[in-house]
Number of protein chains: 2
Amino acid sequence: MRAVLIDLDGVLYVGDQLVPGAVAAVARLGELGVPYLFVTNTTSRPVSALAQKLAGFGLTVTAEKFWTPALAATQWLADQRITGPALLVPEPTREDLPPAVATGESPGAVVLGDLGERWDYATLNRAFRWLMADRSPPLLALGMTRYWRAPDGLRLDAGAFVRALEYASGRTAVVLGKPAAAFFSIALARLGTTAGNTIMIGDDIVGDVGGAQRAGLRGLLVRTGKFRAADLAGDVQPEAVLDSIAALPEWLESEAR
Amino acid sequence: MRAVLIDLDGVLYVGDQLVPGAVAAVARLGELGVPYLFVTNTTSRPVSALAQKLAGFGLTVTAEKFWTPALAATQWLADQRITGPALLVPEPTREDLPPAVATGESPGAVVLGDLGERWDYATLNRAFRWLMADRSPPLLALGMTRYWRAPDGLRLDAGAFVRALEYASGRTAVVLGKPAAAFFSIALARLGTTAGNTIMIGDDIVGDVGGAQRAGLRGLLVRTGKFRAADLAGDVQPEAVLDSIAALPEWLESEAR
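Residues numbered from 1 in each chain as written. Chains lettered and ligands numbered in written order. Predicted model: local features only at pLDDT ≥ 70, side-chain atom pairs only at ≥ 80, totals over all residues. Heavy atoms only, no water.

Caption draft 1: Quick look at the pairing of strand S10 (residues 153–156) of chain A. All names here are of chain A. When strand S9 (residues 147–150) meets S10, the two strands line up antiparallel, connected through four bridges. From the neighbouring strand, tyrosine 147 faces S10, where its bridge partner is leucine 156. The hairpin turn running from S9 into S10, its antiparallel successor, is two residues long. (Pairing = 2+ DSSP bridges. Helix = DSSP H or I, 4+ residues; strand = E, 2+ residues; numbered from the N terminus.)

Quick look at the structure:
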């Protein structure tokens with residue numbers, strides 16, 4: 001049986017509403033012995049908060065069932081034997097990252113997340129000088145989101161600031177978030193599976209389905225969350241379109257026959 | 001006789017030191033009837049301050065002899081009949097730009113210069129929202145410099161912030177500074193000459209000579225300012241290398257024979 005990567009927001013729940021049948025579907029994956037990970041680009045809350053949210057829906061899962069850009073960065077740094085990164089990330093996200101370098105010392109890497117209103121010239125220039133140092137540390141980006149829609153209007157997300165630092169320093173960031181291939185491949189290693197044996201199920205035709213396909217996985221689209229009929233008219237063709245995650249176990253079983 | 005574009009810093013003067021023979025060379029251009037413009041990427045001081053600096057060297061020239069990114073932007077906006085731009089530029093630079101849009105109104109264009117420490121999230125997000133509006137105004141960049149060397153270390157320049165806004169908005173900036181072709185072509189129109197008849201003299205093999213050549217001009221390199229012998233080993237081959245601007249009139253006369 002295949003392994004599955006499951007997008008959270010828009011697939012398991014939409015905002016604060018659980019998708020009907022989602023809890024039973026996840027339980028069924030367990031019964032079928034299908035390894036799975038909840039995969040999200042969220043960098044504003046740590047895994048502990050995600051687990052708490054699922055618990056509120058009656059779904060109790062351990063921290064090992066989650067995959068986030070912060071966890072991917074932590075794994076990437078461990079693989080490279082890098083310690084003491086500079087963490088330009090939201091405060092709660094530090095919980096899922098290695099201990100930050102001491103103030104005034106040279107960081108082993110520069111990790112960028114969505115600092116929001118805390119982005120300013122001094123912070124960006126500090127990161128820039130680290131990147132321009134003789135022994136330049138790697139630049140890690142917890143996603144390349146361009147912007148998000150806040151109640152008062154659009155707001156710049158981390159992607160813009162990553163691009164600013166890439167341009168000024170002439171460096172290229174390692175991007176650890178959907179749809180970057182590195183994000184998927186580290187997730188597969190964590191799950192002990194291969195791209196060809198793994199399915200990504202999501203509501204974002206580009207970030208979830210297209211990203212997974214470029215990384216060699218198969219991509220399923222659900223009609224919940226941000227799904228729109230026009231998604232099916234574009235370049236990316238999902239493996240299948242399910243009404244919701246509730247239909248996933250049956251689809252997997254029919255595939256296995 | 002050809003027309004000439006003359007870089008300022010590194011060619012006419014180096015920092016606060018006049019290049020020996022520079023004043024006589026410029027006077028000789030006047031006698032020969034060669035049209036010329038002083039071309040600089042400076043956005044931190046207006047033309048009035050540049051004229052004052054030259055006057056301090058004993059070289060009295062009118063404002064019409066200068067060409068800067070701010071003047072190019074002013075010309076570009078006039079050509080497009082655009083008024084009321086948002087000006088994210090150093091305070092003194094406003095002198096060479098059209099009047100800014102009133103606070104709270106939609107700008108006719110967004111003009112970005114080197115705000116330095118005044119770059120912050122609120123400012124960038126305000127510019128971002130303008131660019132994402134239904135009737136999105138053009139984005140003008142007064143150069144794409146990546147960084148500069150301040151006494152206390154490297155500092156991010158405007159290019160990084162232009163890239164951030166380009167990425168987030170999906171828009172491409174009109175760049176008005178060397179080595180952008182648009183910057184040279186508007187300068188030629190101002191001078192009433194053509195690319196094939198015009199020579200750029202500068203100390204920057206990439207920004208001055210390479211940029212001019214890509215815009216169809218010929219490029220002369222001087223051995224003053226930032227010149228290094230290694231400059232001649234790269235991809236860009238200047239038309240000629242002069243010891244300094246002092247040798248320019250003689251070179252022009254020998255060319256004309």
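Caption draft 2: Representation of the pairing of strand S4 (residues 36–39) of chain B. Side chains of S4 of chain B alternate between two faces, with Tyr36 and Phe38 of chain B and Leu37 and Val39 of chain B buried alike. In this region the chain leaves S4 of chain B, passes through helix H2 (residues 47–56) of chain B and returns to the parallel neighbour strand S5 (residues 66–67) of chain B; the handedness of that crossover is right-handed. (Buried < 20%, exposed > 50% of the residue type's maximum accessible area, 1.4 Å probe, protein only. Right-handed = clockwise from strand over helix to strand, strands pointing away.)

Caption draft 3: Spatial organisation of helix H5 (residues 158–169) of chain B. Residue and element names in this part refer to chain B. Relative to the 16 Å expected for 12 residues at 1.5 Å per residue, H5 spans 17 Å between its end C-alpha atoms, a close match to the ideal helical length. Among the 12 residues of H5, 11 are classified as buried, and the element is accordingly described as predominantly covered. Three or more residues of H5 are buried, namely Ala158, Gly159, Ala160, Phe161, Val162, Ala164, Leu165, Glu166, Tyr167, Ala168 and Ser169. Phi turns positive, to about 75°, at glycine 170, one or two residues after H5. (Expected span 1.5 Å × (residues − 1).)

Caption draft 4: The side chain of threonine 224 of chain A, seen in detail. For threonine 224 of chain A, the location among the structural elements is in the loop between strand S13 (218–222) and strand S14 (240–242). Once residues within four sequence positions are removed from consideration, threonine 224 of chain A is found in contact with Gly10, Val11, Val19, Asp203, Asp243 and Ser244 of chain A. (Contact = heavy atoms within 4.5 Å.)

Caption draft 5: Spatial organisation of the packing of helix H5 (residues 158–169) of chain A against H5 of chain B. Direction vectors running N to C along H5 of chain A and H5 of chain B enclose 140°, while the axes themselves pass 8 Å from each other. Between H5 of chain A and H5 of chain B, the interaxial angle falls into the category oblique. Crossing geometry of H5 of chain A relative to H5 of chain B is assigned as right-handed. In contact with Gly159, Ala160, Arg163, Ala164, Tyr167 and Ala168 of chain A of H5 of chain A, H5 of chain B contributes Gly159, Ala160, Arg163, Ala164, Tyr167 and Ala168 of chain B. (Axes fitted to C-alpha atoms, helices over the stretch in contact; angles between N-to-C directions. Parallel < 35°, antiparallel > 145°, perpendicular 65-115°, else oblique. Left-handed = near helix turned anticlockwise from the far one by under 90°.)

Caption draft 6: Examining the environment of leucine 12 of chain B more closely. Residue and element names in this part refer to chain B. Within the element layout of this structure, leucine 12 appears in the loop between strand S1 (3–7) and strand S2 (13–14). Taking the relative accessible area as the measure of exposure, leucine 12 reaches 0% and is therefore buried. In the structure, leucine 12 is positioned 57 residues away from proline 69 in sequence and 19 Å away in space, judged by C-alpha atoms. Beyond its immediate sequence surroundings of up to four residues, leucine 12 is in contact with Asp7, Leu18, Val19, Ala22, Val26, Phe38, Leu54, Leu59 and Ile245.

Caption draft 7: Representation of the packing of aromatic side chains in the model. All names here are of chain A. The tally for this structure, following the rule as stated, stands at 16 aromatic pairs over all chains. Judged by centre distance (6.3 Å) and plane angle (65°), the rings of phenylalanine 183 and phenylalanine 184 are edge-to-face. For phenylalanine 183, a relative accessible area of 1% corresponds to the buried category. On the accessibility criterion, phenylalanine 184 (1% relative accessible area) is buried. (Phe/Tyr/Trp six-rings, centres within 6.5 Å; stacked < 30°, edge-to-face > 60°.)

Caption draft 8: Region of the structure containing the relation of the copies chain B and chain A. At an RMSD of 0.0 Å, chain B and chain A line up after a rotation of 180° and a shift of 0.0 Å along the axis. Both copies of the chain, as the preceding transformation shows, are related through a two-fold rotation axis. Ranked by how close their C-alpha atoms come to the rotation axis, the residues of chain B are headed by aspartate 120 of chain B, at 2.2 Å. Residue by residue, 100% of the interface of chain B is reproduced at the interface of chain A, so both copies engage with the same surface. (Least-squares fit on C-alpha atoms with pLDDT ≥ 70 in both.)

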